[in-house]
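Descriptive analysis of the structure
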Amino acid sequence: MPFENSLAYAQQLDQQDPLRNYREEFHFPEVNGKPVIYFTGNSLGLQPKRTEAIVAEVMTDWAKLAVEGHFYAEKPWWDYHERLAAPLAKVVGAKTAEVSVMNTLTVNLHLLMVSFYRPTPKRFKIICEEKAFPSDQYMLTSQVKFHGLDPKDAIVEVKKRDGEHHWRTEDVVAKINEVGDELALVLIGGVNYYNGQVFDMGTITKAGQAVGAFVGWDLAHGAGNIELKLNEWNADFAAWCSYKYMNSGPGNASGVYINERHLNNPDIPRFEGWWGTKKETRFLMKPEFEPMENADAWQLSNAPILSVAPYLASLTMFEEVGMPALIKKRDTIVAYLEYILHEIDAEVSSSFEIITPEDRGCQLSVFLHGQGKSLFDYLMKNGVITDWREPNVIRLAPAPFYCSYEDMYRFGQLLKKGILALEKENS
């Protein structure tokens, strides 16, 4: 698609954008009295304006009904989380029964490891990507230690090739086949937080299961960002947070996926609590655990309604728009951002290296050759909210719900201005 680096052209793209009105559905922070150019929806999404009303509804029910809100609120609390399953299933490519909302991401990964990491003396190894998100590294290491194993023996990292910034699918599959019948689990971030790469989850899932391992996915950077087909890929399990591309608010509730073949399996180990028991008998306080017939069987406690409500508010927008429309805009706006970067690169002495491969979602990770953190600081002070990662990378994530093409153009102009200003300062 031929682009132009001009304000008029960017505004024309915005006028043609079928999602343009959704920008008005979000609150934008301001810097110097102007709304920011927001590139960090891959860390914390902006607040939807409709969130306040749905949270206020819960607060009103609590004030007026107190404990009776569990059953007599307009949206009764005891089954509040069930309202999220169907729209979430569409986002992640699952059946409704395979999806639930509970806890937070790393908590859920630990709980899912109870079910899907069951090491034996022969089959005990875990494959993950090198330099996985730190919380995943800590979670895997602590799980391995809990089973009395040495992480150096049990955790196998798939590395990038020398001089390359992304993983090759054939290298992941080769490592799976190399570990073979010693492999108990593959657990990888489906979209890498650092370089924005989308892994070939279908191929990797098939390869892992072919050698007898379970395969799960951390979709913190995938849910609400890329096309997911968890049921079609036959993944064993997955979990994701809700506060990045899904805009549910800081630290809010996590979603989980458990493949339908593992539901109603009496042999699967699982930490259990009373909200995982059948609704029909839950309040009989029976000593025997009778699991729900869906992913809710993995729930422990009643849902944190004030955390789940913002998630429901955001999902109403996903229902209205649908992932195909979001992905279509995502692809165009990321391509326009890439074009802008190349245009500015040609106009300044510095150079930018995009380390995100073509298999990508919203995020572009950019090496700033010839620049340091002072450029990042300049951008932040001038209303571009982006993210710095050592040694010299900024992550740019133009979320399609609320980022505009004009944002991309204005970012390019600020980027050029910042580089020229810093060069003059250092000359």
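All residue numbers here refer to positions counted from 1 along the written sequence of the relevant chain. Local features are withheld for residues below a pLDDT of 70 in this predicted model, meaning they are given only at 70 or higher, and side-chain atom pairs are given and counted only at 80 or more; totals for whole chains, interfaces and linings count all residues. Values shown for side chains rest on all heavy atoms present in the structure; no hydrogens or waters enter the calculation.

Per an unreviewed UniProt entry, the chain carries the name Kynureninase and comes from Cellulophaga baltica. UniProt positions are given in the numbering used here, feature names are shortened, and annotations may be inferred rather than shown by experiment. As recorded by UniProt, the Subunit (unreviewed entry) comment attached to the chain reads in full: "Homodimer." As stated in UniProt under Function (unreviewed entry), the record for the chain gives "Catalyzes the cleavage of L-kynurenine (L-Kyn) and L-3-hydroxykynurenine (L-3OHKyn) into anthranilic acid (AA) and 3-hydroxyanthranilic acid (3-OHAA), respectively."

Looking along a regular strand, one sees side chains alternate from face to face of the sheet. With five of five residues buried, strand β10 (residues 254–258) is to be regarded as a mostly interior element. Burial of β10 is two-sided: the residues S254, V256 and I258 facing one way and the residues G255 and Y257 facing the other way are all buried. By the convention used here, strands pair only if DSSP detects at least 2 bridges between them. In this text, helices come from DSSP runs of H or I with a minimum length of four residues, and strands from runs of E with a minimum of two, each type numbered from the N-terminal end. Here strand β9 (residues 237–240) pairs with β10 via four bridges, running antiparallel. In the strand pairing of β10, A238 is matched with Y257. A 1.4 Å probe rolled over the protein chains alone gives each residue an accessible area, and that area as a share of the maximum for its type sets the label: buried under 20%, exposed over 50%, partly exposed in between.

Here the focus is the sheet that holds β9. The strands making up a sheet associate through backbone hydrogen bonding, with each pair oriented either parallel or antiparallel. Taken in spatial order, the seven strands make up an open sheet running β4-β10-β9-β8-β7-β5-β6, and their pairing is mixed. The open sheet has two free edges, formed respectively by β4 (99–102) and β6 (155–158), since each of these has just one partner strand. Between one strand axis and the next, the sheet turns by 20° as a mean value, whatever way the strands run. Across five bridges, the pairing between strand β7 (residues 183–189) and strand β8 (residues 214–218) is parallel. Residue pairing in the sheet places L187 in a bridge with G216 of β8. Against the sheet, helix α8 (residues 169–179) contacts β5 (125–129), β6 and β7, and its axis sits at roughly 155° relative to β6. A fitted line through C-alpha atoms represents every axis, and for helices the fit uses only the stretch in contact; the resulting angles, taken between N-to-C directions, go from 0 to 180 degrees. Residues are treated as being in contact if the distance between any of their heavy atoms lies within 4.5 Å.

Here a Phe, Tyr or Trp ring, Trp counted by its six-membered ring, pairs with any other such ring whose centre lies within 6.5 Å, and the pair is stacked when the planes are under 30 degrees apart, edge-to-face when over 60, and tilted otherwise. Using the criterion set out here, one finds 25 aromatic pairs in the structure. Pairing F116 with F214 gives two aromatic rings, centres 5.2 Å apart and planes at 75°, and the pair type is edge-to-face. Residue F116 is located in helix α5 (residues 105–116), and its partner F214 is located in strand β8; the two are separated by 98 residues in the primary sequence. Of the residues examined, F116 reaches a relative accessible area of 0% and is grouped as buried. Put simply, the rings of Y22, F26, F28, Y38, F318, F401 and Y402 touch in pairs and so form one group of aromatic residues. Taking the ring centre of Y80 as reference, the NZ or CZ of R83 above it sits at 5.7 Å. In our convention, an over-ring charge means Lys NZ or Arg CZ found within 6 Å of a ring centre and within 35 degrees of that ring's normal. Directly above the ring of W275 sits R282, whose terminal nitrogen or CZ lies 4.5 Å from the centroid.

What follows concerns the domain arrangement of the chain. Per the annotation, domain bounds derive from an automatic or database assignment of domains. Once the domains are mapped, the chain shows domain 1 (7–48 + 322–426) and domain 2 (78–321). Centre-to-centre separation of domain 1 and domain 2, based on C-alpha positions: 30 Å. Contact residues are listed per partner, giving 36 residues for domain 1 and 26 residues for domain 2. Summed over both partners, the accessible area lost on bringing two parts together, with a 1.4 Å probe, is the buried area. Counting the surface lost from both domain 1 and domain 2, the interface buries some 2600 Å², and carbon and sulfur atoms represent 61% of this. Any carboxyl oxygen of Asp or Glu that lies within 4 Å of a side-chain nitrogen of Lys or Arg is treated as forming a salt bridge with it. There are zero salt bridges connecting domain 1 and domain 2. Pairs of N or O atoms are called polar contacts if they sit within 3.5 Å, as long as, within protein, a hydrogen donor faces a hydrogen acceptor (for residues adjacent in sequence, only side-chain-to-side-chain pairs). Between domain 1 and domain 2 we count 16 residue pairs in polar contact (both at pLDDT 80 or more) in total. The set of elements that each furnish at least two residues to the side of domain 1 that touches domain 2 consists of α12 (323–345), β12 (364–369) and β15 (393–396). Here the side of domain 1 that touches domain 2 takes five residues from α12, the largest share from any one element.

Looking now at the sheet that holds β15. One open sheet accounts for four strands, arranged β11-β12-β15-β14; its pairing is antiparallel. Strands at the two margins of the open sheet, each flanked by one partner only, are β11 (351–354) and β14 (387–389). Between one strand and the next, the sheet's axes are offset by a mean angle of 35°, whatever the strand orientation. One ladder, built from four bridges, connects β12 with β15; its direction is antiparallel. Bridged to L364 within β15 is L396. Where α12 meets the sheet, its contacts fall on β11, β12 and β15, and the angle it forms with β11 comes to roughly 150°.

To continue, consider the nonpolar core. In a soluble, globular protein the nonpolar side chains are often hidden away together inside. Core analysis: the largest hydrophobic core is formed by 104 residues, its most contacted members being W217, W240, Y336, L341 and F411. Lining this core are residues from two domains, each supplying at least three of them: domain 1 (7–48 + 322–426) and domain 2 (78–321). Those residues within four positions of L341 in sequence are excluded, and the remaining contacts are F352, I354, L364, V366, L396, F411 and L415. Ranked by size, the runner-up nonpolar core spans 30 residues in total, among them M102, L105, L109 and M292. Nonpolar cores are built from buried Ala, Val, Leu, Ile, Met, Phe, Trp, Tyr and Cys residues. Side-chain atoms within 4.5 Å join them into one set.

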